[in-house]
Amino acid sequence: MTDTPAPKPGRTLVAAGDLLDFAAALLEKGGLGAEDARTTADVFVWAAQRGVDSHGTARVPAYLDLLAKGVANARPEITVESTTPAAAVLDADRAPGPVALTAAAKEAVSRARTTGIATVGVRRTVHTGAIGYYVSKIAEAGLVGIGFVSGMPNMGYTGVKGAAVATAPLAVAVPARSHAPLLLDMATATIALGRIRQARVSGTPLPEGAAAMEDGTPTTDPEKAVMPLPLGGVKGSGMSLAFELLTSVLVGAPIFSSFHSDDPQGRKHRQNALLIAVDPSAFGDPDDFTDAVDATLGTLKELPAAEGASGVFYPGERSAALSAERGRSGVPVAPKVWRELLERAEALGVVPPEPVGGAG
């Protein structure tokens, strides 16, 4: 057993369960129903436990603002339309992304149990949160999960002046038996928008080719950077455009063309998504599949590590270990985020949890 690591200076350590209860209570006070509030909070705490701070509890105040402004619908009437057993479109009615995509993941799993593979498109949601969460839920059910998201253009496109496409993410989760599931969760951008903001605060130069000014000129100066550049240049920008076609256009709710039109509604915040569930039993014995996944991951980890490398890891392995550790010792919350949460708690009449360590 290892000693509990101390949180970074100034960070507050909060038990994962307490943080979940706290975030859910805040979101419920913000207008969400109790079940939807807990679902949304679970997505945030899941990300925080895995070290994805940009999609963790820092999102709670932002979601409270989305609810207060009516951008997100606190009481959505979610509907599911389908003309074939293997596919459906979930109209989110501007529900928060965690509410809409959690429902879509359940729908995809249920349908794939019968059809072998199922696809659920999500139309008219608001900020999906960490897409890795939803495909992980599919993997927890023993199925392979695949997800795409497209949103408001905020990233450069090779050869275009200014922001053109979205930092559209892709996630894949594959269940295993003795290993943590493989979880590939990536954006089509070189860096996240949040990292640009963090670099601006710290005064740290950005990596070469990672961000650009408003006119699309690359820059390493965080004060001048306003958008990330696509990962791999034409590869990242091409993937983002493809995901717009596979999500927004496919479900009849285009974002890209509307955003770049003269329609003022084109700039209204919204996101679309596509979740796919694949049942390994449709291809053979599911136990043989998970055994083979384990063998594949085990083979990778037994390969000789390169000089200077701390080990050989597959996607999702280290974040799963970090999640388990933080589940035992507590989740560190950055000073600014903790202050914001406490301020919202006071305003909404929510009692915050007692920290288990760090500044409190």
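See the structure printed just above.
The structure reproduced in this document is the subject of the present report.

Conventions adopted
Residues numbered from 1 in each chain as written. Predicted model: local features only at pLDDT ≥ 70, side-chain atom pairs only at ≥ 80, totals over all residues. Heavy atoms only, no water. Axes fitted to C-alpha atoms, helices over the stretch in contact; angles between N-to-C directions. Helix = DSSP H or I, 4+ residues; strand = E, 2+ residues; numbered from the N terminus. Parallel < 35°, antiparallel > 145°, perpendicular 65-115°, else oblique. Left-handed = near helix turned anticlockwise from the far one by under 90°. Contact = heavy atoms within 4.5 Å. Nonpolar A, V, L, I, M, F, W, Y, C, P; charged D, E, K, R; others polar. Pairing = 2+ DSSP bridges. Core = buried A, V, L, I, M, F, W, Y, C linked by side-chain atoms within 4.5 Å. Buried < 20%, exposed > 50% of the residue type's maximum accessible area, 1.4 Å probe, protein only. Salt bridge = Lys/Arg side-chain N within 4 Å of Asp/Glu carboxyl O. Phe/Tyr/Trp six-rings, centres within 6.5 Å; stacked < 30°, edge-to-face > 60°. Expected span 1.5 Å × (residues − 1).

## Here we look at the packing of helix 1 (residues 16-29) against helix 3 (residues 59-68)
Okay, step 1: Relative orientation of the contacting elements helix 1 and helix 3 amounts to 15°, with a least axis distance of 9 Å. Taken as axis vectors, helix 1 and helix 3 run roughly parallel relative to one another. Remark: the crossing between helix 1 and helix 3 carries right-handed chirality. Within the contact between the two elements, helix 1 uses Ala 23, Leu 26 and Leu 27 and helix 3 uses Val 60, Tyr 63, Leu 64 and Leu 67.
Okay, step 2: Among the residues making up the contact of helix 1 with helix 3, the classes are represented as seven nonpolar, no polar and no charged.

## Observations regarding the sheet that holds strand 2 (residues 79-84)
Okay, step 1: The strand order 2-3-4-12-5-8-9 describes an open sheet built from seven strands, whose pairing is mixed. Whereas interior strands pair on both sides, the edge strands pair on one side only; in this sheet they are strand 2 and strand 9 (182-187). Recorded for the sheet is a direction-independent mean angle of 15° between the axes of neighbouring strands.
Okay, step 2: Sheet analysis places strand 4 (residues 117-125) next to strand 12 (residues 271-278), joined by seven bridges and oriented antiparallel. Paired with Val 122 across the strands is Ala 273, a residue of strand 12.
Okay, step 3: This element, helix 4 (residues 97-115), spans strand 2, strand 3 (87-91), strand 4 and strand 12 of the sheet and lies at about 160° to strand 4.

## A short note on the nonpolar core
Okay, step 1: Core analysis: the biggest nonpolar cluster contains 33 residues, and Leu 90, Leu 101, Val 122, Tyr 134 and Leu 275 have the highest contact counts within it.
Okay, step 2: Going through the elements one at a time, helix 2 (34-49), strand 3, helix 4, strand 4, helix 5 (131-140), strand 8 (169-174) and strand 12 are the ones with two or more residues in this core.
Okay, step 3: When neighbours within four sequence positions are excluded, Leu 101 is seen to be in contact with Val 122, Thr 125, Thr 128, Tyr 134, Ala 273 and Leu 275.
Okay, step 4: Formed by 30 residues, the second largest nonpolar core is a distinct cluster that contains Phe 44, Tyr 63, Leu 66 and Ala 345.

## Considerations on the pattern of salt bridges
Okay, step 1: Counting across every chain of the model gives 13 salt bridges.
Okay, step 2: The shortest N-O distance in the salt bridge between Asp 21 and Arg 38 comes to 2.9 Å. Of the two residues, Asp 21 is situated in helix 1 and Arg 38 in helix 2; the sequence distance between them amounts to 17 residues.
Okay, step 3: Assessed through its relative accessible area of 39%, Asp 21 is described here as partly exposed.
Okay, step 4: Its relative accessible area of 38% is what places Arg 38 among the partly exposed residues.
Okay, step 5: Overlapping salt bridges, with partners in common, bring together Glu 81, Asp 91, Asp 93, Arg 123 and Arg 124 in one network.

## Overview of the side chain of Ser 136
Okay, step 1: Residue position: Ser 136 is located in helix 5.
Okay, step 2: Setting aside anything within four residues of it in sequence, one finds Ser 136 in contact with Trp 46, Ala 173 and Leu 183.

## A closer look at the packing of aromatic side chains
Okay, step 1: The full count for this structure, using the stated rule, is five aromatic pairs.
Okay, step 2: Here the aromatic rings of Phe 22 and Trp 338 are separated by 6.1 Å at their centres, their planes lie at 65°, and the arrangement is edge-to-face. Highlighted residues: Phe 22 in helix 1 and Trp 338 in helix 11 (residues 335-348), separated in sequence by 316 residues. Summarising the burial analysis for this pair, Phe 22 and Trp 338 share the class buried.
Okay, step 3: Measuring from ring centre to ring centre gives 5.7 Å for Trp 46 and Tyr 133, while their planes differ by 85°; the resulting arrangement is edge-to-face. Taken together, the residues span a long stretch of sequence, with Trp 46 in helix 2 and Tyr 133 in helix 5 at a distance of 87 residues. Note on accessibility: Trp 46 and Tyr 133 belong to one class, buried.

## A word on the sheet that holds strand 14 (residues 357-358)
Okay, step 1: Read across the sheet, three strands follow the order 13-1-14 without closing on themselves; strand pairing throughout is antiparallel. Edge strands, defined here as strands with exactly one partner in the open sheet, are strand 13 (331-333) and strand 14.
Okay, step 2: Taken together, the three bridges between strand 1 (residues 12-14) and strand 13 define a ladder with antiparallel strand orientation. Residue pairing across strands places Leu 13 opposite Pro 332, the latter belonging to strand 13.
Okay, step 3: Packing of helix 11 onto the sheet brings it into contact with strand 1 and strand 13, and relative to strand 13 it is tilted by some 85°.

## Description of helix 6 (residues 193-202)
Okay, step 1: Along helix 6, the residues that are buried comprise Gly 194, Ile 196 and Ala 199.
Okay, step 2: Of the residues one or two after helix 6, Gly 203 is the one with positive phi, at around 75°.

## Here's the deal with helix 2
Okay, step 1: Under the 1.5 Å per step criterion, the end-to-end length of helix 2 is 22 Å for 16 residues, consistent within 8% with the ideal 22 Å.
Okay, step 2: Listed as buried for helix 2 are Ala 37, Thr 39, Thr 40, Ala 41, Val 43, Phe 44, Val 45, Trp 46, Ala 47, Ala 48 and Gln 49.
Okay, step 3: Positioned one or two residues after helix 2, Gly 51 has a phi angle of 85°, which is positive.

## Regarding the environment of Pro 222
Okay, step 1: Within the secondary structure layout, Pro 222 lies in the loop between strand 10 (211-212) and strand 11 (227-228).
Okay, step 2: Between the C-alpha atom of Pro 222 and that of Ala 199, which follows or precedes it by 23 residues, the distance is 5.9 Å.
Okay, step 3: The contact partners of Pro 222, leaving out residues within four places of it in the chain, are Ile 196, Ala 199, Arg 200, Thr 204, Pro 205 and Leu 206.

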